[in-house]
Each structure stands twice: as structure tokens, then as C-alpha cells.
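The chain contents come next:
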Amino acid sequence: MITKKILLLGSTGSIGTRTLDVVRDFSESLSICGLSTFGRCDLLTRQVEEFHPVAINVSDPSKAAEGRSLADTYGIKLTLGEEGLAELIGICEPDIVVVATVGIAGLIPTLSAIEYGADVALANKEVLVTGGHLVMEAARKQGVRILPIDSEHNAVSRCMTGADSAKVLTTAGQDTFKVRRIILTASGGPFRHLSREELEHVTVDQALNHPTWRMGPKITIDSATLMNKGFEVIEGHHLFGIPTYKIDVLIHPQSIIHSLVEYVDGVLLAQLSIADMYLPIQNALLFPERLPNRLAPLNLASLSALTFEQPDMERFPCLAYAYESARMGGTATVALNAANEVAVRRFLNREIPFMRIPRIIRETLDRHEQLPSDNIEAIQEADRRAREVDEAI
Ligand code: NAD
Ligand code: MG
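These numbers were taken from a predicted model, which means no experiment stands behind them. Sequence order as written defines the numbering, with residues in each chain counted from 1. All chains are assigned letters beginning at A, and all ligands numbers beginning at 1, according to the order in which they are written. Under the rules for a predicted model, residues below a pLDDT of 70 receive no local features and side-chain atom pairs below 80 are neither given nor counted, while totals for whole chains, interfaces and linings still include all residues. To obtain the side-chain values, all non-hydrogen atoms of the structure were included, while hydrogens and water were left out.

1. Looking at the side chain of Asn228
Okay, so step 1: Tracing the chain through its elements places Asn228 in helix H12 (residues 227-240).
Okay, so step 2: Think of it in three bands: with a 1.4 Å probe and only protein chains considered, a residue is buried below 20% of the maximum accessible area for its type, exposed above 50%, and partly exposed in between. Assessed through its relative accessible area of 7%, Asn228 is described here as buried.
Okay, so step 3: Contact criterion: two residues are considered in contact whenever any of their non-hydrogen atoms come within 4.5 Å of each other. With sequence-adjacent residues up to four places away left out, Asn228 is seen in contact with Lys125, Ile219, Asp222 and Ser223. Only DSSP runs of H or I covering at least 4 residues are called helices, and only runs of E covering at least 2 are called strands; the numbering of each starts at the N terminus.

Here it is, written out as C-alpha cells:
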């Protein structure tokens, strides 16, 4: 078997470390050519020792000296800053770039990976929320695949049959083939049962305590507000070429069904498995191969029930704002993402209460002035302007 060379952006995070577990287990088929961290040089050092990349990136400017000494010690190449992420591609010459960074930071490296001609295994969903049109168009032109690591989209891609599946993983056409709708499942987060009044008083520690998944801090907060699911609706629209009004969200607290596809004849296909990101990562990295792994299989008899309920967009307005921004088109989803990045950072820093997050986003969308979403400068400008709104209110 040919070994695929993998450049892993965001290797020290939750998805990054799970990706390395997959690479370790399938070392005959997968190898690491590059790694990156924002600033966790201690963990990056251990990863360099084990996986022998040819180059690394340290994105946090204040950690440049640590990055230099690490690269010198192991005789490997180093790039610095977020701008340096894209430079890694030319140095490492990867077959697949795993984008496991957070926020809009992943957009330029994703576009560079496509331009270079590598397939992209995408965890960093904000890339499609902000630059979905650009990314999918570039992938179509270059004939590269965008392989979804997000568990719901990975599940959807596995529920697409025959010609549909081929279309999906080679970046989807505009027609919606035989699919009537896509149903994305959501755990509902830790605050599923709280009233609006109770939501006003939740703490950072409560919000970080997700019931079914262990993830990085930002996506954990996004899951608590349901913005994560809103982002996933937009992500699904771009990946599968299907309008957002045909993408529904269903709360499924057990996180066993990872998403469903409903066909025009009313038949539903669902993907079930244990909740472990190893599975979608394995699928993306080894696609189209299906290989045995060492995970324990799902034991259906041990589950008492699988339950479903409608999401409540009154208590969780972020989900409604995501649909709204997708309907607005243009750069509205860029503003949505930027406002959310700012608001979540402030909440995590304990500067604002939980329910201020949707208020900042509402205000930002109300003030948004549309720019074209098909060029990178306009996207960056919309991102910059949206980040200023929070300062002004
Ligand atoms: P994380 O915070 O655990 O890890 C993020 C990684 O990216 C780290 O290595 C960090 O050093 C690096 N990084 C962060 N900001 C950066 C920046 N500005 N520039 C360069 N590098 C930066 O996050 P995570 O939970 O692994 O999530 C990564 C992405 O995958 C997010 O977009 C998230 O929404 C998505 N995702 C995560 C999960 C999950 O289970 N964790 C599931 C689906 C999708
Ligand atoms: Mg998901």
C-alpha cells in the first residue's frame, strides 16, 4: 500500500491528537510530514520525537523562540505565525492536509492546500462557514476532495449511496440528486433542559462540561449555545450542495446516530456508532478504504433508548441566527462567525455572561453590510468589520 503523507494543522488539539492516534495505528498507510501548534511547544516536541515531521509551525508569535529551539534540536524546518501555516504546504508536499485549527485561521491554509492539489480532511468547520463558496469552487477546479471530519457530515457522506456518494466526496454538484433532506443530530449540549432565565446565570465551568464529547474549549461553548449546530448546517450546505432549508436539526442526547439522510421515497439512512472522533478521522484519512480498527463496537442491546426532540430556537437563538445568516447570503456568515469568535473568547475569559453571546451576534448581524463572498479580501474585510461591532456596543 502507498503511504499517504499527512500535514496536520492543529496537531496539539483534541482533533489533532486523535488524528495522531489514527496515524499511529495505520502507520503502514499513513505518515506525518508536518505538524503545527498555536503555542503548545511541550506537546509538539513529543509529537516531533514520535512522528518525525520534516517541518513544523508555531503560530503564536510569543512562542517563536521555543519553536526555533525545537526545530534546531531536531534539525527540521520551521515556519512562524498563522501566515506560516500555508508555507508548510510547499515544504511538506502532503497528499492530505488535515485542517484541525480553530476559527477563520484555517481558511487561508485550506485554500493553499487546495491550490497545491492536496486533498483536505476538514475538521475546522469555520473554514466553510466563512469561505465555503471559495473553498468548494477551488476544490472543484483543482479536482481535490474535501473530506469531512465533523462527525455529522462524515455520517451524512456515508449515508449517501452510489452516485451520490461519489459526488459528495468529490465536492458535490449543485443538483440535490435523490436526497429530500439531511437531518443533523445534536446532543443538545449541557443546558438542554434549562429555562431562558437559568441560561442567564450559567458559568464557564458548567458550559465546558459537555455531556457526550470531550473537545477543545471553543467548540464546547459553541455546542452549549447550539451555534456549533448552526455552523454545521452551513457546513452541510457547502459540502453537499444542498440549500439550508433542506437541512434540519434534531436533538438526540445519546449521540449514537450521528446524522441521517432522507431520500425522495421517504426512506431514511442513518449512521450509528460509538461517539469517538477516531471513526470519522479514520474514514477521512483512509478514504475510500474501510479497514478494521481496535475500537470497541457499539453494543445496541446495552442502550435503553434512542430519543429525539426538536431544538428550541427561542432558548438557543444562535441556531436561528445561523439559518438567518445563510439566507442573507454574501458575507453574513462571515459576520456570524467573527461575532461568535469574539463573544466566545470573552465568555471564556469570564468577561461576559453566557446569554451575551447571542446578543453580540444579533447586533453584529443587524449592523452587517454585505460584501461579495467570492473573494478572499472581502471575506477578510467582513471579518475585520464584524469584530469591531463588539467594541462599539
Ligand atoms: P482545540 O482547541 O482542542 O485544538 C485546536 C488546535 O489548533 C490546537 O493544536 C491549537 O494549538 C491550534 N490553534 C488554535 N488556534 C489557532 C490559530 N489561531 N492559529 C493556528 N493554530 C491554532 O480544538 P478542537 O476541539 O480540536 O477543534 C478543532 C476544529 O475542529 C474546530 O474548528 C472544531 O469546531 C472542529 N471540530 C472539533 C471536534 C472535536 O471533537 N473536538 C469535532 C468536530 C469538529
Ligand atoms: Mg459535529
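2. A look at the site of ligand 1
Okay, so step 1: The immediate surroundings of ligand 1 are formed by 25 residues, with Thr12, Ser14, Phe38, Glu126 and Gly216 found nearest.
Okay, so step 2: By the criterion applied in these results, polar contacts are pairs of N or O atoms within 3.5 Å in which, for protein atoms, one can donate a hydrogen and the other can accept it, and in which residues neighboring in sequence qualify only through two side-chain atoms. At 2.7 Å, a side-chain N or O of Thr12 approaches an oxygen atom of ligand 1.
Okay, so step 3: In this structure, an oxygen atom belonging to ligand 1 sits 2.9 Å away from a main-chain N or O atom of Ile15.
Okay, so step 4: Protein chains shield 88% of the accessible area of ligand 1, which is 820 Å² for the free molecule.
Okay, so step 5: Counting residues per element, the ones that place at least two in the shell around ligand 1 are helix H1 (14-25) and helix H11 (217-225).
Okay, so step 6: For this scheme, ten residues count as nonpolar: Ala, Val, Leu, Ile, Met, Phe, Trp, Tyr, Cys and Pro. Four count as charged, namely Asp, Glu, Lys and Arg, and the remainder, Gly too, count as polar. A breakdown of the residues in the shell around ligand 1 according to their chemical character gives eleven nonpolar, ten polar and four charged.
Okay, so step 7: For the domains described, the bounds stem from an automatic or database domain assignment. Structurally, the shell around ligand 1 is a two-domain feature, drawing no fewer than three residues from each of domain 1 (4-144) and domain 2 (179-273 + 302-392). One heavy atom within 4 Å of a molecule or strand is enough for the residue carrying it to be called near that molecule or strand. Every accessible area reported is derived by Shrake-Rupley at a probe size of 1.4 Å, with residue values counting cover from the shown protein chains alone.

3. Considering the sheet that holds strand E10 (residues 257-263)
Okay, so step 1: Only strands that DSSP links by at least two bridges are regarded as paired with each other. Strands sit in the order E9-E8-E10-E11 across an open sheet of four strands; the sheet is mixed. At either margin of the open sheet sits one strand with a lone partner, and together these are strand E9 (247-251) and strand E11 (268-272). With strand direction ignored, the average angle separating the axes of adjacent strands in the sheet is 20 degrees.
Okay, so step 2: Where strand E8 (residues 179-186) lies against E9, five bridges are found, and the strand directions are parallel. Its bridge partner lying in E9, Ala186 is registered against Ile251. Note on definitions: angles span 0 to 180 degrees between N-to-C directions of axes, and those axes are lines fitted to C-alpha atoms, for helices only across the stretch in contact.

4. Quick look at the environment of Gly131
Okay, so step 1: On the secondary structure map, Gly131 appears in helix H6 (residues 126-142).
Okay, so step 2: Distance in space between the C-alpha atoms of Gly131 and Phe354 is 27 Å, their sequence separation being 223 residues.
Okay, so step 3: In contact with Gly131, not counting residues within four places along its chain, are Leu107 and Ile379.

5. Observations concerning the packing of helix H14 (residues 317-328) against helix H16 (residues 356-367)
Okay, so step 1: Between H14 and H16, the least distance of the axes is 10 Å, while the angle of their chain directions is 20 degrees. With respect to H16, the element H14 is oriented roughly parallel. In this structure, H14 crosses over H16, and the sense of that crossing is left-handed. Here Pro317, Cys318, Tyr321, Glu324, Ser325 and Met328 of H14 come into contact with H16, specifically with Pro358, Ile361, Arg362 and Leu365.
Okay, so step 2: Among the residues forming the contact of H14 with H16, the class breakdown is seven nonpolar, one polar and two charged. If an angle is under 35 degrees, it is roughly parallel; if it is over 145, roughly antiparallel; if it lies from 65 to 115, roughly perpendicular; otherwise it is oblique. What makes a crossing left-handed is the near helix being turned counterclockwise from the far one by less than a right angle; a clockwise turn instead makes it right-handed.

6. Description of the coordination of the magnesium ion (ligand 2)
Okay, so step 1: Here a donor is any nitrogen, oxygen or sulfur atom (N, O, S) within 2.8 Å of the metal, with 3.2 Å used for Na, K and Ca; water is not among the atoms considered, so some sites may look incomplete. Protein ligation of the magnesium ion (ligand 2) involves Asp150 (OD), Glu152 (OE) and Glu232 (OE), the donor distances falling in the range 2.0 to 2.2 Å.
Okay, so step 2: Here the donor residues of the magnesium ion (ligand 2) share one chain and are spaced in sequence as D-x1-E-x79-E.
Okay, so step 3: Judged by relative accessible area, Glu152 falls into the buried class, the value being 8%.

7. Concerning the packing of H6 against helix H15 (residues 332-348)
The description of two packed helices rests on the angle between their axes and on the distance between the axes.
Okay, so step 1: Their axes nearest at 8 Å, the elements H6 and H15 cross at an angle of 155 degrees. Taken together, the axes of H6 and H15 lie roughly antiparallel to each other. Like other packed secondary-structure pairs, H6 and H15 cross with a definite hand, here left-handed. Here Glu126, Val129 and Thr130 of H6 come into contact with H15, specifically with Thr333, Val334 and Asn337.

8. Some points on the nonpolar core
Okay, so step 1: For our purposes a nonpolar core is just a set of buried Ala, Val, Leu, Ile, Met, Phe, Trp, Tyr and Cys residues, chained together by side-chain atoms within 4.5 Å. Val135, Ile146, Ile182, Leu336, Phe354, Ile357 and Ile361 are the most contacted members of the largest nonpolar core, which has 81 residues in total.
Okay, so step 2: Ranked by the residues each element gives to this core, the list is headed by H15, at eight residues.
Okay, so step 3: Counting residues domain by domain, this core receives three or more from each of domain 1 (4-144) and domain 2 (179-273 + 302-392).
Okay, so step 4: Contacts of Val135, omitting those with residues within four sequence positions, involve Leu107, Thr110, Leu111, Ile114, Val127, Leu128 and Ile146.
Okay, so step 5: Grouped together as the second largest cluster of nonpolar side chains are 36 residues, Ile15, Val22, Leu70 and Ala123 included.

9. Details of the layout of surface pockets
Okay, so step 1: Lining residues are defined by having an atom within 4 Å of a point belonging to a cavity or pocket. Those points lie on a 1 Å grid over the protein atoms alone, cavities being sets where a 1.4 Å probe fits but cannot get out and pockets being open sets with protein on both sides within 12 Å along at least five of seven lines. Grid points are joined across faces, edges and corners, and a volume is the space filled by probe spheres set on the points. Looking at the second largest pocket, its volume works out to about 330 Å³.
Okay, so step 2: Residue lining of the second largest pocket: 16 residues in total, with Arg158, Ser273, Leu279, Arg290 and Asn293 positioned closest to the centre.
Okay, so step 3: Only E11 and helix H13 (278-286) provide two or more residues apiece to the lining of the second largest pocket.
Okay, so step 4: Among the elements that line the lining of the second largest pocket, the one with the most residues is H13, at three residues.
Okay, so step 5: Looking at side-chain class alone, the lining of the second largest pocket contains eight nonpolar, five polar and three charged residues.

10. What about empty space enclosed by the protein?
Okay, so step 1: What the rule picks out here adds up to three cavities of 30 Å³ or more.
Okay, so step 2: Counted as a void, the largest cavity has a volume near 80 Å³.
Okay, so step 3: As for the largest cavity, its lining consists of 13 residues, and the residues nearest its centre are His258, Gln271, Ser273, Leu279 and Pro280.
Okay, so step 4: The set of elements that each furnish at least two residues to the lining of the largest cavity consists of helix H7 (151-159) and H13.
Okay, so step 5: Broken down by element, the lining of the largest cavity gets its largest block of residues, four residues, from H7.
Okay, so step 6: Taken together, the residues of the lining of the largest cavity sort by class into six nonpolar, five polar and two charged.

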